[in-house]
Amino acid sequence: MTTPALLFPAISLFMLAFTNRFLSLGGRIRALHDQYKSDGGESVRKQIENLRRRVHMIRRMQGLGVLSMLTCILSMVCLFEDWYMAGQVSFGLSLAFLMTSLFISFLEIRISVHALDILLEDMERE
(Lines give C-alpha, C1' and ligand atoms only; values in the text may rest on other atoms or scores of the structure.)
Protein backbone atom coordinates (compact mmCIF):
# COMPACT_ATOMS: atom_id res chain seq x y z
CA MET A 1 0.00 0.00 0.00
CA THR A 2 2.86 2.41 0.70
CA THR A 3 4.56 1.99 -2.67
CA PRO A 4 1.67 3.46 -4.72
CA ALA A 5 1.34 6.24 -2.12
CA LEU A 6 4.91 7.30 -2.93
CA LEU A 7 3.82 8.31 -6.45
CA PHE A 8 1.30 10.91 -5.22
CA PRO A 9 3.81 13.72 -4.56
CA ALA A 10 5.73 13.00 -7.76
CA ILE A 11 2.63 12.98 -9.95
CA SER A 12 1.37 16.17 -8.29
CA LEU A 13 4.66 17.96 -8.95
CA PHE A 14 4.70 16.83 -12.57
CA MET A 15 1.13 18.06 -13.03
CA LEU A 16 2.11 21.43 -11.55
CA ALA A 17 5.10 21.67 -13.90
CA PHE A 18 2.94 20.75 -16.90
CA THR A 19 0.35 23.36 -15.94
CA ASN A 20 3.04 26.03 -15.58
CA ARG A 21 4.35 25.17 -19.04
CA PHE A 22 0.84 25.41 -20.44
CA LEU A 23 0.26 28.83 -18.85
CA SER A 24 3.62 30.08 -20.10
CA LEU A 25 2.83 28.94 -23.64
CA GLY A 26 -0.59 30.57 -23.45
CA GLY A 27 0.99 33.93 -22.67
CA ARG A 28 3.55 33.50 -25.44
CA ILE A 29 0.83 32.57 -27.96
CA ARG A 30 -1.19 35.68 -27.07
CA ALA A 31 1.88 37.89 -27.56
CA LEU A 32 2.72 36.24 -30.87
CA HIS A 33 -0.88 36.59 -32.03
CA ASP A 34 -0.68 40.35 -31.61
CA GLN A 35 2.72 40.43 -33.30
CA TYR A 36 1.43 38.31 -36.20
CA LYS A 37 -1.51 40.65 -36.78
CA SER A 38 0.77 43.65 -37.01
CA ASP A 39 3.79 42.06 -38.68
CA GLY A 40 2.85 38.67 -40.16
CA GLY A 41 6.46 37.55 -40.62
CA GLU A 42 7.64 34.04 -41.45
CA SER A 43 9.47 33.71 -38.14
CA VAL A 44 6.29 34.46 -36.19
CA ARG A 45 4.36 31.91 -38.24
CA LYS A 46 6.98 29.22 -37.54
CA GLN A 47 6.88 30.02 -33.84
CA ILE A 48 3.08 29.76 -33.79
CA GLU A 49 3.22 26.34 -35.49
CA ASN A 50 5.81 25.22 -32.96
CA LEU A 51 3.69 26.44 -30.04
CA ARG A 52 0.61 24.69 -31.40
CA ARG A 53 2.46 21.35 -31.38
CA ARG A 54 3.76 21.99 -27.89
CA VAL A 55 0.30 22.87 -26.52
CA HIS A 56 -1.10 19.61 -27.89
CA MET A 57 1.79 17.69 -26.35
CA ILE A 58 1.23 19.31 -22.97
CA ARG A 59 -2.45 18.41 -23.15
CA ARG A 60 -1.46 14.76 -23.70
CA MET A 61 1.09 14.95 -20.87
CA GLN A 62 -1.55 16.28 -18.49
CA GLY A 63 -4.09 13.65 -19.55
CA LEU A 64 -1.60 10.84 -18.99
CA GLY A 65 -0.68 12.38 -15.63
CA VAL A 66 -4.33 12.33 -14.58
CA LEU A 67 -4.66 8.71 -15.73
CA SER A 68 -1.54 7.88 -13.75
CA MET A 69 -3.01 9.45 -10.63
CA LEU A 70 -6.35 7.65 -11.08
CA THR A 71 -4.77 4.24 -11.62
CA CYS A 72 -2.48 4.84 -8.65
CA ILE A 73 -5.55 5.53 -6.48
CA LEU A 74 -7.21 2.43 -7.90
CA SER A 75 -4.17 0.34 -7.05
CA MET A 76 -4.28 1.59 -3.46
CA VAL A 77 -7.99 0.71 -3.20
CA CYS A 78 -7.32 -2.75 -4.63
CA LEU A 79 -4.45 -3.35 -2.24
CA PHE A 80 -6.57 -2.11 0.68
CA GLU A 81 -9.26 -4.64 -0.29
CA ASP A 82 -6.60 -7.41 -0.58
CA TRP A 83 -7.02 -7.68 -4.36
CA TYR A 84 -3.29 -7.98 -4.85
CA MET A 85 -3.22 -8.93 -8.52
CA ALA A 86 -5.58 -6.10 -9.51
CA GLY A 87 -3.54 -3.72 -7.33
CA GLN A 88 -0.29 -4.73 -8.97
CA VAL A 89 -1.74 -4.43 -12.47
CA SER A 90 -3.23 -1.00 -11.81
CA PHE A 91 0.03 0.16 -10.22
CA GLY A 92 1.91 -1.06 -13.30
CA LEU A 93 -0.52 0.89 -15.49
CA SER A 94 0.04 3.95 -13.33
CA LEU A 95 3.79 3.68 -13.86
CA ALA A 96 3.32 3.16 -17.61
CA PHE A 97 1.11 6.26 -17.87
CA LEU A 98 3.65 8.29 -15.89
CA MET A 99 6.57 7.08 -18.01
CA THR A 100 4.70 7.91 -21.22
CA SER A 101 3.86 11.36 -19.88
CA LEU A 102 7.52 11.96 -19.03
CA PHE A 103 8.64 10.76 -22.45
CA ILE A 104 6.27 13.22 -24.12
CA SER A 105 7.67 15.88 -21.78
CA PHE A 106 11.16 15.05 -23.03
CA LEU A 107 9.99 15.43 -26.64
CA GLU A 108 8.28 18.74 -25.83
CA ILE A 109 11.51 20.07 -24.34
CA ARG A 110 13.32 19.18 -27.55
CA ILE A 111 10.70 21.11 -29.54
CA SER A 112 11.07 24.11 -27.24
CA VAL A 113 14.82 24.12 -27.95
CA HIS A 114 13.97 24.15 -31.66
CA ALA A 115 11.76 27.20 -31.03
CA LEU A 116 14.69 28.98 -29.43
CA ASP A 117 16.82 28.09 -32.45
CA ILE A 118 14.22 29.81 -34.68
CA LEU A 119 14.54 32.97 -32.61
CA LEU A 120 18.33 32.83 -32.65
CA GLU A 121 18.37 32.38 -36.43
CA ASP A 122 16.10 35.40 -36.75
CA MET A 123 18.44 37.46 -34.57
CA GLU A 124 21.50 36.36 -36.56
CA ARG A 125 19.91 37.53 -39.81
CA GLU A 126 19.35 41.04 -38.44
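Residues numbered from 1 in each chain as written. Predicted model: local features only at pLDDT ≥ 70, side-chain atom pairs only at ≥ 80, totals over all residues. Heavy atoms only, no water.

Asks: Would you mind showing me how to read the overall build of the protein here?
Replies: A count of helices and strands for the protein gives 3 helices and 0 strands. Going residue by residue from the N terminus, the α and β elements of the protein occur as α-α-α. For the protein, whose C-alpha radius of gyration is 19 Å, the value lies well above the compact-globule estimate of 14 Å for 126 residues. Overall, the protein is about 65 × 20 × 20 Å in size when its C-alpha atoms are taken along their principal axes. With 126 residues in all, the protein has 33% of them scored as buried. Intrachain contacts of the protein at a sequence separation of at least 6 include 79% that bridge at least 24 residues. Accessible surface, the protein as shown: approximately 8,200 Å² in total, 67% of it carbon and sulfur. For the protein, the centre of its 13 positive side-chain charges and the centre of its 12 negative side-chain charges are spaced 4 Å apart. (Helix = DSSP H or I, 4+ residues; strand = E, 2+ residues; numbered from the N terminus. Rg over C-alpha atoms; globule rule 2.2 N^0.38 Å. Buried < 20%, exposed > 50% of the residue type's maximum accessible area, 1.4 Å probe, protein only. Contact = heavy atoms within 4.5 Å. Areas by Shrake-Rupley, 256 points an atom, 1.4 Å probe, with all protein chains shown as cover. Lys, Arg positive; Asp, Glu negative; His and termini not counted. Charge placed at Lys NZ, Arg CZ, Asp CG, Glu CD.)

Asks: Explanation requested: the packing of aromatic side chains in the structure shown.
Replies: Centre distance and the angle of the planes are the two values used to describe a pair of aromatic rings. Counted according to the given criterion, the structure contains 1 aromatic pair. Ring geometry for F14 versus F18: centroids 6.3 Å apart, planes at 20°, classification stacked. Highlighted residues: F14 and F18, both in helix α1 (residues 2-38), separated by 4 residues, approximately one helical turn. Since its relative accessible area comes to 29%, F14 is described here as partly exposed. (Phe/Tyr/Trp six-rings, centres within 6.5 Å; stacked < 30°, edge-to-face > 60°.)

Asks: I would appreciate a short explanation of unusual backbone geometry in the present structure.
Replies: Excluding glycine, residues mostly carry a negative phi; peptide bonds, for their part, are mostly trans. Even without being a glycine, D82 presents a positive backbone phi close to 65°. Mapped onto the elements, D82 comes out in the loop between α2 (42-80) and α3 (84-125).

Asks: Please clarify how α2 should be interpreted in this entry.
Replies: For an α-helix the count is 3.6 residues per turn, leaving residues at separations of three or four pointing the same way. Here α2 contains 39 residues, and its C-alpha end-to-end distance of 57 Å stays within 8% of the 57 Å for a straight helix at 1.5 Å per residue. Downstream of α2 by one or two residues, D82 has phi in the positive range, about 65°. (Expected span 1.5 Å × (residues − 1).)

Asks: Just to check I follow, could you spell out the packing of α2 against α3 for this structure?
Replies: When two helices pack together, their arrangement is captured by the angle between the axes and the distance separating the axes. With their axes 8 Å apart at the nearest point, α2 and α3 run at an angle of 165° to one another. Relative to α3, the element α2 lies roughly antiparallel. Along this stretch, α2 crosses α3, giving a crossing that reads as left-handed. Residue composition of the contact of α2 with α3, by class: 21 nonpolar, 15 polar and 6 charged. (Axes fitted to C-alpha atoms, helices over the stretch in contact; angles between N-to-C directions. Parallel < 35°, antiparallel > 145°, perpendicular 65-115°, else oblique. Left-handed = near helix turned anticlockwise from the far one by under 90°. Nonpolar A, V, L, I, M, F, W, Y, C, P; charged D, E, K, R; others polar.)

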